[in-house]
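The lines below spell out each chain.
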Amino acid sequence: MDELFTTENIEEMLDTAMKQENIIVYYQPKYDAITSKINGSEALARWMHQGEIISPAKFIPLLEETKLITRLDWYVLERVCRLLKKQIAEEMHPVKIAVNFSRQHTYETDFSNRLVSIVDKYNIPHKYIEVEITESTIEKNRDTIIAFTGDIKAQGFSIAIDDFGSGLSSLNFIKDIPANVLKIDKSLLSGNCENEKERIVLESIFNFAHRLQLKTVAEGVETKEQLGFLRTCGCKTIQGFYFSKPITDMEYCELCKNRKMEQETDDILTTQPASTATQLLLDAVFTCYPLVIMSNLTRNSFYMMAYDNFTTQSCPSTGVYSELIVHGAATMHPDDQKLFADTFDIADQLAAFARGERTRRVVTRQLGDDNIYRAVETTNYYMQNPAVDDVLAITLSRPLE
Ligand code: C2E
Ligand code: MG
Ligand code: MG
């Protein structure tokens, strides 16, 4: 088998295989982590040779090396469009299909035009196609990748960064790529997530992705325990043998046909992972208190979370706590400035905490944009922050009228 493909014969073999339809596409369904319903799939190439199915590991590296991989990818896209066209025509409830595109495509100057012309030839709405590029692609030239992905996104296609965590891409770079989805590489999921350090790595990646508004897919999920842990991380989508291996187009169409269209009324208590509940709780807090400040009193530092422009004055969102109090007092009614500054004097708050005080509330008048003073209630809750051996002050602030 090792000699089946060589640099000399691969081009002719690939062209013949495509012509004779010996390159086939398998589909691996992806599932919503909470409802366990199909919410997409990935197209994966297989090579039929003398009745045997050859997996990508045996031919993709050579196709990459010879740069013939781009021909395969365009071919797979055509197959995917053909399938989607059939699914749409026969009302089979299609879902978005992700197609892998090698890093070699970044050298194609007309990539997005070609993508559009193929997809449009089959009349497929662009929302049904996701472009997967591997993390290794984005290790390349920053501006090229940002322009490349920007063009694709501008045409209404979704973009996924594949195999995240397998390479060396910088987190700082990821934030600048207009991707929709981050696919977490299966190498990060070993065993049943029983290793605490591995869990910390995963939790941090999911947190990072969600804060950047990226949807998350975990790849290579094989066990119920892994699924359980991923749910607590707020992972949106699961791809892996636990739910389904890659399957033929016929089997895949059967799955889609049987997909229930109506929105399930699942019991929130059985489907709610802790992280979603936390998010909802946070949303509830923000609807009542549009300004929340977290402060480490002994370190004299804070960060601020504001909802819907609570203050129109530009406030720093992180910085030195004592400076924040000076800045805050300046926006108060002159008669309230001393009260505000005294209430939130650091030394006084720490002494009060040492005495057992756990909350403190004050109402002051704050100047609005329209030059009118409005009563604002500020409540501080104090707790010991064990992580950094500090007194944490959580400030909830809301207008009273
Ligand atoms: P990928 O894009 O990361 O695709 C996911 C791979 O993980 C697939 O392997 C899939 O079968 C495998 N997988 C999914 N769930 C599990 C699981 O629970 N456990 C384990 N052990 N594996 C799982 P596959 O189909 O062998 O493809 C391997 C790679 O080949 C793909 O990785 C992709 O990088 C590449 N590839 C496949 N088709 C194409 C293609 O049409 N174009 C390009 N450029 N690359 C392709
Ligand atoms: Mg992929
Ligand atoms: Mg992958």
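Worth saying up front: this structure is predicted, and the values here are computed from it rather than measured.

Asks: Any details on the coordination of the magnesium ion (ligand 2)? Residues and values, ideally.
Replies: Donor atoms from the polypeptide that bind the magnesium ion (ligand 2) are Glu 42 (OE), Asn 100 (OD1), Glu 132 (OE) and Asp 162 (OD), placed at 2.0 to 2.2 Å. Read from N- to C-terminus, the donor residues coordinating the magnesium ion (ligand 2) fall into the pattern E-x57-N-x31-E-x29-D. Take Glu 42: its relative accessible area is 3%, and that puts it in the buried class. Exposure remark for Asn 100: the relative accessible area of 24% places this residue in the partly exposed category.

Asks: Which residues make up the pattern of salt bridges, and what values do they have?
Replies: Taken as a whole, this structure holds 23 salt bridges when the rule is applied. Salt-bridge contacts for Arg 71 lead to Asp 15; the nearest nitrogen and oxygen are separated by 2.9 Å. Highlighted residues: Arg 71 in helix H3 (residues 69–89) and Asp 15 in helix H1 (residues 10–19), separated in sequence by 56 residues. A salt bridge links Asp 390 to Arg 299, with the shortest nitrogen-to-oxygen separation between them at 3.3 Å. Pair noted here: Asp 390 is in strand E15 (residues 390–399) and Arg 299 is in the loop between strand E10 (291–296) and strand E11 (301–306), with a separation of 91 residues, a long-range link. Judged by its relative accessible area of 0%, Asp 390 falls in the buried class. When salt bridges with common partners are traced through the structure, they connect Glu 42, Glu 132, Lys 183 and Glu 219 into a single cluster.

Asks: Kindly report on the coordination of the magnesium ion (ligand 3), identifying the contributing residues and their values.
Replies: Coordination of the magnesium ion (ligand 3) by the protein is provided by Asp 162 (OD), Asp 163 (OD), Glu 219 (OE) and Glu 219 (OE), with metal-donor distances spanning 2.0 to 2.5 Å. Here the donor residues of the magnesium ion (ligand 3) share one chain and are spaced in sequence as D-D-x55-E. Here the magnesium ion (ligand 3) and the magnesium ion (ligand 2) are spaced 4.0 Å apart, linked through Asp 162, which binds each one. With Asp 163 in strand E6 (residues 158–164) and Glu 219 in strand E8 (residues 215–219), the pair connects residues that are 56 residues apart, well separated along the chain. According to the relative accessible area criterion, Asp 163 is partly exposed, its value standing at 21%. Residue classification places Glu 219 among the buried residues on the basis of a relative accessible area of 7%.

Asks: Tell me about the pairing of strand E13 (residues 359–367), residues and numbers included.
Replies: Of the two faces of E13, only the one carrying Arg 360, Val 362, Thr 364 and Gln 366 is buried; Thr 359, Arg 361, Val 363, Arg 365 and Leu 367 on the other face are not. Pairing of E13 with strand E14 (residues 373–385), which is carried by nine bridges, proceeds in the antiparallel orientation. Bridging from a neighbouring strand, Arg 365 pairs with Ala 375 of E14. Where E13 folds back on E14, the antiparallel hairpin that results is connected by five residues, among which Asn 371 adopts a positive phi of roughly 70°.

Asks: So, the sheet that holds strand E12 (residues 318–320): which residues are in play, and what are the values?
Replies: Here six strands make up an open sheet; going across it, the order is E12-E11-E10-E15-E14-E13 and the pairing antiparallel. Whereas interior strands pair on both sides, the edge strands pair on one side only; in this sheet they are E12 and E13. Going from strand to strand, the sheet's axes swing by 25° on average, the running direction of each strand aside. Bridging between E14 and E15 involves ten bridges; their strand directions are antiparallel. Bridge pairing links Gln 384 to Val 391 in E15. Helix H12 (residues 321–330) contacts E10, E11, E12 and E14 of the sheet and is inclined by roughly 95° relative to E12.

Asks: Can you explain H12? Please cite residues and give values.
Replies: Turning to H12, its buried residues are Tyr 321, Leu 324, Ile 325, Gly 328 and Ala 329. Down the axis of H12, the sector holding all buried residues measures 130°, keeping them to one side. Exposed residues lying more than 90 degrees from the buried face of H12 are Glu 323, Val 326 and Ala 330. Residues of H12 that are buried in the fold lie against E10, E11, E12, helix H13 (337–343), helix H14 (346–355) and E14.

Asks: Would you mind going over the domain arrangement of the protein in detail, with residue names and values included?
Replies: The assigned domain composition of the protein is domain 1 (10–272) and domain 2 (289–399). For domain 1 and domain 2, the distance between their C-alpha centroids amounts to 46 Å.

Conventions and cut-offs
- Residues numbered from 1 in each chain as written.
- Chains lettered and ligands numbered in written order.
- Predicted model: local features only at pLDDT ≥ 70, side-chain atom pairs only at ≥ 80, totals over all residues.
- Heavy atoms only, no water.
- Donors = N, O, S within 2.8 Å, 3.2 Å for Na, K, Ca; no water.
- Buried < 20%, exposed > 50% of the residue type's maximum accessible area, 1.4 Å probe, protein only.
- Salt bridge = Lys/Arg side-chain N within 4 Å of Asp/Glu carboxyl O.
- Helix = DSSP H or I, 4+ residues; strand = E, 2+ residues; numbered from the N terminus.
- Pairing = 2+ DSSP bridges.
- Axes fitted to C-alpha atoms, helices over the stretch in contact; angles between N-to-C directions.
- Contact = heavy atoms within 4.5 Å.
- Arc of directions from axis to C-beta.
- Domains from an automatic or database assignment.

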